[in-house]
2 protein chains.
Amino acid sequence: MTKLLIVSGYADEYQRLFEAEKLPTLEIATAKNSAEAEATGLDYEIVLGEPKLIRPILMKLRNLRWAQSMYAGVEQFLDPSLRRDYILTNARGVFGGSMSEYVFGYLLNHERRIFERYRAQQEHRWDGSTTGMVRGKTIGLLGVGSIGAEIARTAKHFEMTVRGYTRSSEDCRDVDAYYHGNDLIEFANELDYLVSVLPNTVETRRIVDASLLNALPSHAIFINVGRGNAVDESALIHTLESKQIAGAILDVFDQEPLPTDHPFWTAPNLLITFHTSAPSLPEDIVRIFRENYLRYLRGEELKYKVDFERGY
Amino acid sequence: MTKLLIVSGYADEYQRLFEAEKLPTLEIATAKNSAEAEATGLDYEIVLGEPKLIRPILMKLRNLRWAQSMYAGVEQFLDPSLRRDYILTNARGVFGGSMSEYVFGYLLNHERRIFERYRAQQEHRWDGSTTGMVRGKTIGLLGVGSIGAEIARTAKHFEMTVRGYTRSSEDCRDVDAYYHGNDLIEFANELDYLVSVLPNTVETRRIVDASLLNALPSHAIFINVGRGNAVDESALIHTLESKQIAGAILDVFDQEPLPTDHPFWTAPNLLITFHTSAPSLPEDIVRIFRENYLRYLRGEELKYKVDFERGY
C-alpha cells in the first residue's frame, strides 16, 4: 500500500471524492489541520494539501517522497532552510478559467462603468452617455504561464492586443509581443491594462514599483491576481492618490488577510477582493492528483514539478 | 450627382468622416434635427440618419429611394400608414461586439458578486467566500441574428451551453440547441441566464411574460438588450419582488427615457442602464453606408434590407 495524507479544510469533501475514484494501492488518511495530521502519526509517502497546513509538518514527514500542493502558490515550501529531498508539485492548468473570468469581470465593470450606472439608477437619472469597450485595447501580462495564457486567450477573443513580460518563454500564441529583462518600461508604455499573474519569487519581488506604475498612461487599470509581494504597496497607494492611473483591482496582498487598518481598504479607485479570484476546487485537484499518482505508480516523471530554486 | 441627407445629432462628425471618404457623385447635406433637415428642402434621393429624426420628414422626402438607418431598431418606419415605396436598410453586424461585452460584463459582475465584494471592502471585512463562474452555465438567447450570434460566440469561449429561440433560423454554429414556436417554456427550463436580443415586432411583443419568467429557475438572471416591448414589465416586477428569479438587467424599456416614477428604478435585484448597451459609432455606420452606396451605384441589391412586414 501507498500511504497518502490529505490535509485540507475540505478534508471531508476530498475523502468523498477519493472514495469514488478508487485509486489503486492507496491508503488514505485525512486531517482538517496540521494538529490533526500530526495526531495520525506521520509515516506518509505522499501528502496532498494546502501549503499552509503542510508547512508545520513538512520536516516531520519521515517517509515523504512527494508533496502535491492544492494551490498554485508554493512559497511555504521554498525557504532554503527547509528540506528539498522530495518531489514538490503544484496545481496548474485549473485556475486560468476562473482568473480570466475575474480579470474580464473587473475590466468590463470598469469599461461599462457599472458602479456609475448604478448610482445614476439610485438617483432616478437617465444617463445616456456612452461607455467604453475592451475591444481594441492593449493588455500587458506580467507572467505568461498557464493562467496568463488563458487571460491572453480571452483578450484575443475580445479583439485586444496582448503583450507578455516573461523571464524568457515566448510560447503563447495569443501574445502579440514579448518583453523580457530590462524591457519592463517599454512593456508598460501605452498599456490600457496591466495584469500581474506573477508567483512569489525573489526575482518578481516589488517588480510593480513606482517606475513601472509611472510608465502607465493615466487611464490605465492595474490588476493583481498573482502574489502580493510583486507590488510595492506604498508606491501603488501614492499612484492612486495622485491619480497617475485610473484604478486598481487587487486580489492578493503582502499580508493576508489584509490588516483592518491597511490604507488599501480606502484608497481611491481601488477595488479589493480577498484572494478569491481562483478557488482551488476539490474536483480539479483530485483530477490533477489522479493523473500524477498514476504516473507515480508507473515510475514516470510527475507533471507540474516545482523547481525549488526558481520558485514555480 | 446623387443627393444624400444626413440627419443625426452627430452630423458634424459624419460630415468630417464623409469628407475623408470621398464617395463618388455624392452631394451631401447635413442636419442635426428634423427641423434643420426640412429647412434644406427635401429633394434627397438617399437619407442616412437616426430613425426618430427621419420619421417626421419621411413622408416629405419626395425623391426618396433609399433610407439607411443608423440604428438596428427601425420601428419608426414600420407603421402601416407610412410609405413603403423606398428601400429601408438598417445597421447590422456592428453592435454584436459591444452587446456581448455588455452582457458578459453584467453576467460576470453577478457571478463575481462585485457589488457585494465592494460592500465588504467598505466595511473593512475580509470575505474569503468563493464566487461563481459563467463557465458551465446555460444561456438562452431570445433571437439569434448577428448580435445573438456574437453573444453565443462569447458564451462558447467561456465554455457555456447555448440555447437559441428563433422564428425558424438555425444557422449559428455556436448555438447548441434551437427552439421555435411553442417550445418557449422548454427553452426556458433550467436556463441560468435568459437574454433577449429581440427586435420590436408584433410577434415578439410581451414574449417575456409571467409564464416564461415562471419557467426560469430561481437563480436565473434575465437581461434585455433588444427592445422593451418584448417584456411584460408588470410581470417582471412581480417576478423580481417575489424573488422567483435572482435578478434582471435591462437596457431597454417600453418608454424611453424611463419615467422617473417607474417602479423599475427601485425594483429589487434589478440593474438598469439607459439604452447604451451598443452605441451606434459613426465610423461603423459610415463603413456600412459606404459598402451599400457602392452597391447602390452599381445597381446591386443592398445589404441589411428590412422587410417591412417582418419588421427586421
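Keep in mind the model is a prediction, meaning the values are calculated, not measured. All residue numbers refer to position in the chain's written sequence, counted from 1. Lettering for chains starts from A, numbering for ligands starts from 1, and both go in the order in which the items are written. Selection of residues for local features in this predicted model requires a pLDDT of at least 70, selection of side-chain atom pairs for listing and counting requires 80 or more, and totals for whole chains, interfaces and linings are taken over all residues. By convention in this description, side-chain values take in all heavy atoms of the structure and omit both hydrogens and water.

1. Let's talk about the relation of the copies chain A and chain B
Alignment of the copies relies on least squares applied to C-alpha atoms, considering only residues that score at least 70 for pLDDT in both. Between chain A and chain B, which share one sequence, the superposing operator has a rotation angle of 180 degrees and an axial displacement of 0.0 Å; the RMSD is 0.0 Å. Classification of the inter-copy transformation places it as that of a two-fold axis. Minimal C-alpha separation from the rotation axis in chain A is found for Gly105(A), amounting to 2.9 Å. Both copies contact each other with a shared surface, as 96% of the interface residues of chain A are interface residues in chain B too. Every residue pair with non-hydrogen atoms within 4.5 Å of one another is taken to be in contact.

2. Remarks on the confidence of the model for chain A
You can read pLDDT as the predictor saying how much it trusts each residue, on a scale of 0 to 100. When pLDDT is averaged along chain A, the result is 97; 100% of the residues meet or exceed 70. On the interface metric, ipTM, the complex scores 0.93, and its pTM is 0.93.

3. A word on the interface of chain A and chain B
Interfaces are often described in size by the accessible area the parts lose on coming together. In this assembly, 51 residues from chain A lie in contact with 49 residues from chain B. Where chain A abuts chain B, roughly 4,600 Å² becomes buried across the two surfaces, and 64% of that area is made up of carbon and sulfur atoms. The term salt bridge refers to a pairing of a side-chain nitrogen on Lys or Arg with a carboxyl oxygen on Asp or Glu at a separation within 4 Å. At the boundary of chain A and chain B, one finds zero salt bridges. We call two N or O atoms a polar contact when they sit within 3.5 Å, provided that within protein one can donate a hydrogen and the other can accept it, with sequence-adjacent residues counted only if both atoms are side-chain atoms. There are 23 residue pairs in polar contact (both at pLDDT 80 or more) connecting chain A and chain B. Numbering goes from the N terminus for both helices and strands, where a helix is a DSSP run of H or I of at least four residues and a strand is a run of E of at least two. Every element with two or more residues in the side of chain A that touches chain B is listed here: helix H4 (96-111), helix H5 (114-122), helix H6 (146-157) and strand E12 (270-272) of chain A. It is H4(A) that contributes the most residues to the side of chain A that touches chain B, ten residues altogether. Residues that form the side of chain A that touches chain B fall into these classes: 23 nonpolar, 19 polar and nine charged. Each of two parts loses accessible area, computed with a 1.4 Å probe, when they are put together; buried area is these two losses added. In this classification, Asp, Glu, Lys and Arg are treated as charged, Ala, Val, Leu, Ile, Met, Phe, Trp, Tyr, Cys and Pro as nonpolar, and every other residue, Gly included, as polar.

4. Here we look at the sheet that holds strand E5 (residues 87-89) of chain B
All names here are of chain B. Here, a strand pair is defined by DSSP locating no fewer than two bridges between the strands. Strand order in this open sheet of five strands is E2-E1-E3-E4-E5, and the pairing throughout is parallel. The open sheet terminates on both sides in strands that have one partner only, identified here as strand E2 (26-31) and E5. Each strand axis lies, on average, 15 degrees off the axis of its neighbour in the sheet, ignoring direction. Two elements, strand E1 (residues 2-7) and E2, share six bridges in a ladder whose sense is parallel. What sits directly across from Ile-6, in E2, is Thr-30. Note on geometry: axes are C-alpha line fits, over the in-contact stretch for helices, and angles between N-to-C directions span 0 to 180 degrees. Its contacts with the sheet put helix H1 (residues 11-21) on E1, E2 and strand E3 (46-49), and the angle it makes with E2 is roughly 165 degrees.

5. Observations regarding the nonpolar core
We call a set of buried Ala, Val, Leu, Ile, Met, Phe, Trp, Tyr and Cys residues a nonpolar core when their side-chain atoms join them within 4.5 Å. The rule is simple: take the accessible area with a 1.4 Å probe, protein chains only, and divide by the maximum for that residue type; under 20% is buried, over 50% is exposed, in between is partly exposed. Core analysis: the largest hydrophobic core is formed by 106 residues, its most contacted members being Ile139(A) and Ile139(B). In this structure Ile139(B) touches Phe104(B), Leu107(B), Ile151(B), Ala155(B), Met160(B), Thr161(B), Val162(B), Arg163(B), Leu191(B), Tyr193(B) and Val195(B), once residues within four positions along its chain are discounted.

6. Some details on the packing of H4(A) against H6(A)
Residues and elements named next belong to chain A. At a minimum axis separation of 8 Å, H4 and H6 run at an interaxial angle of 50 degrees. If you check the angle between H4 and H6, you find them oblique. Pair H4 / H6 crosses with right-handed handedness. Along its contact with H4, which presents Gly-96, Gly-97, Met-99, Ser-100, Val-103 and Phe-104, the element H6 presents Ile-147, Glu-150, Ile-151, Thr-154 and Ala-155. A breakdown of the residues in the contact of H4 with H6 according to their chemical character gives six nonpolar, four polar and one charged. Oblique is the label for any angle not covered by the other classes, which are roughly parallel (under 35 degrees), roughly antiparallel (over 145) and roughly perpendicular (65 to 115). The sense of a crossing depends on the near helix, which, turned anticlockwise from the far helix by less than a right angle, makes the crossing left-handed and, turned clockwise, makes it right-handed.

7. Details of the side chain of Asp174(A)
Mapped onto the secondary structure, Asp174(A) falls in the loop between strand E7 (161-165) and strand E8 (177-179). Lys and Arg are tallied as positive, Asp and Glu as negative. Neither His nor the chain termini are counted. This buried residue, Asp174(A), is left without a salt bridge; Arg173(A) holds the nearest opposite charge, at 4.6 Å.

8. Side note on the sheet that holds strand E11 (residues 247-250) of chain B
Residues and elements named next belong to chain B. Pairing is parallel in the open sheet, where seven strands are placed in the order E8-E7-E6-E9-E10-E11-E12. The open sheet has two edge strands, strand E8 (177-179) and strand E12 (270-272), and neither has a second partner. Between one strand and the next, the sheet's axes are offset by a mean angle of 15 degrees, whatever the strand orientation. Packing of helix H6 (residues 146-157) onto the sheet brings it into contact with strand E6 (138-142), strand E7 (161-165) and strand E9 (193-196), and relative to E6 it is tilted by some 175 degrees.

9. Examining unusual backbone geometry
Following Glu256(A), the chain continues to Pro257(A) via a peptide bond in cis, the omega torsion being -10 degrees. One can find Pro257(A) in the loop between strand E11 (247-250) and E12. In this structure, Thr25(B) is a non-glycine residue whose phi angle is positive, near 55 degrees. With respect to the helices, strands and loops of the structure, Thr25(B) is situated in the loop between H1 and E2. On the accessibility criterion, Thr25(B) (40% relative accessible area) is partly exposed. Notably, Tyr304(B) is not glycine yet its phi reads approximately 65 degrees, a positive angle. Positionally, Tyr304(B) belongs in the segment after helix H10 (282-297).

10. Side note on the packing of H6(A) against H6(B)
One can describe the packing of H6(A) onto H6(B) by two numbers: an axis separation of 11 Å at closest approach and a directional angle of 175 degrees. By the angle class used here, H6(A) and H6(B) are roughly antiparallel. Contact with H6(A), carried on its side by Arg153(A), Thr154(A) and His157(A), involves Arg153(B), Thr154(B) and His157(B) of H6(B) and no other residues of that element. Here the contact of H6(A) with H6(B) is composed, by residue class, of no nonpolar, four polar and two charged.

11. What to know about the pairing of E7(B)
All names here are of chain B. E7 sits mainly inside the fold: four of its five residues count as buried. Note: E6 against E7, five bridges, orientation parallel. Across the sheet, the residue bridging to Leu-142 is Tyr-165, located in E7. Seen with its strands pointing away from the viewer, a crossover is right-handed when the path leading from the first strand over the helix to the second is clockwise. As a crossover connection, the stretch from E6 through H6 into E7 is right-handed. Sheet topology places E7 next to E8; three bridges connect them, and they run parallel.

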